[in-house]
Each structure stands twice: as C-alpha cells, then as structure tokens.
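# Tertiary structure, described
Given next are the chains, with one letter for each unit.
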Amino acid sequence: MFIHMVLFKIKKKNVPLYVNDCKIWEKEAERHRGFIGYHMLFRTNAKGEYASFYMWKTQKHHARFMKKHHDRLVSLSKCPVEVIGYYNFTTY
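These remarks concern the structure in this document. Keep in mind that what you see is a predicted model, and the values were worked out from it rather than measured. (Residues numbered from 1 in each chain as written. Predicted model: local features only at pLDDT ≥ 70, side-chain atom pairs only at ≥ 80, totals over all residues. Heavy atoms only, no water.)

### A few points about the pairing of strand β2 (residues 35–42)
Pairing of β2 with strand β3 (residues 49–56), which is carried by seven bridges, proceeds in the antiparallel orientation. Looking at the pairing, H39 lines up with F53 of β3. Following β2, the chain reverses through six residues before pairing antiparallel with β3; G48 in that reversal takes a positive phi of roughly 80 degrees. (Pairing = 2+ DSSP bridges. Helix = DSSP H or I, 4+ residues; strand = E, 2+ residues; numbered from the N terminus.)

Okay, structure coming up:
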C-alpha cells in the first residue's frame, strides 16, 4: 500500500471550506483504480494543522491520478491553505 499525506495550515474560519474541498478530492479519487481510502486528519497538538491522508494500492496508481487530476482539483478548491509538507509512506 502507498500512502500520500499533505499537511496544511488552515485558519479556523476556513475549515468548512477545507472539508468541502476534501470531499471533491475524495469523490474524484474514488472513481480511479487503485484507490483504497481517504481520511481527513486534525492535529491535536498543533493548532490549525490539518492533513489529507490518501491510501492507494501502489505509488503508480497515485502518480497516475495526480498527473491527470491534480491541477484541475486545485483550481476547484476554495480553501486558502499553506502547505506545511508532503509525506509519502509505504507498508512493509
């Protein structure tokens, strides 16, 4: 399994926009082969930090999705975010 996580800094007033944006990304990902699941994470020890956590069968599935849909989905997203970091994981 391949996991891609993006950590964001978001102002509290914009969290509802982030939640709606995440739904758009998740719905698109669900339509693509290799997608396993999605979770929205809220950090408990860092104020204003939120993460989008995507699980894919392989890194290749994720890369194919991102190449085809990333820019369009970013243009549809309405929440102003500051990206703190991108993290990729794989299971052993």
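### Looking at the packing of aromatic side chains
One pass over the structure, following the stated rule, counts six aromatic pairs. Their ring planes at 65 degrees and their centres at 5.8 Å tell us that F8 and Y18 sit as a pair that is edge-to-face. Of this pair, F8 sits in strand β1 (residues 2–9) while Y18 sits in helix α1 (residues 15–30), and the two are ten residues apart along the sequence. By the burial criterion, F8 is buried, and Y18 matches it. Pairing W56 with F65 gives two aromatic rings, centres 5.2 Å apart and planes at 40 degrees, and the pair type is tilted. The class of W56 is buried, set by a relative accessible area of 0%. Put simply, the rings of F8, Y18, F42 and Y50 pair up and form one aromatic cluster. (Phe/Tyr/Trp six-rings, centres within 6.5 Å; stacked < 30°, edge-to-face > 60°. Buried < 20%, exposed > 50% of the residue type's maximum accessible area, 1.4 Å probe, protein only.)

### Side note on a nonpolar patch on the surface
On the surface, V81, V83 and Y86 cluster together into a nonpolar patch covering about 280 Å² of accessible area. Topologically, V83 is positioned in strand β4 (residues 82–90). Using a relative accessible area of 35% as the deciding quantity, one classes V83 as partly exposed. (Patch = residues over 30% accessible without salt bridge, like charges linked within 9 Å, V, L, I, M, F, W, Y side chains within 5 Å. Areas by Shrake-Rupley, 256 points an atom, 1.4 Å probe, with all protein chains shown as cover. Salt bridge = Lys/Arg side-chain N within 4 Å of Asp/Glu carboxyl O.)

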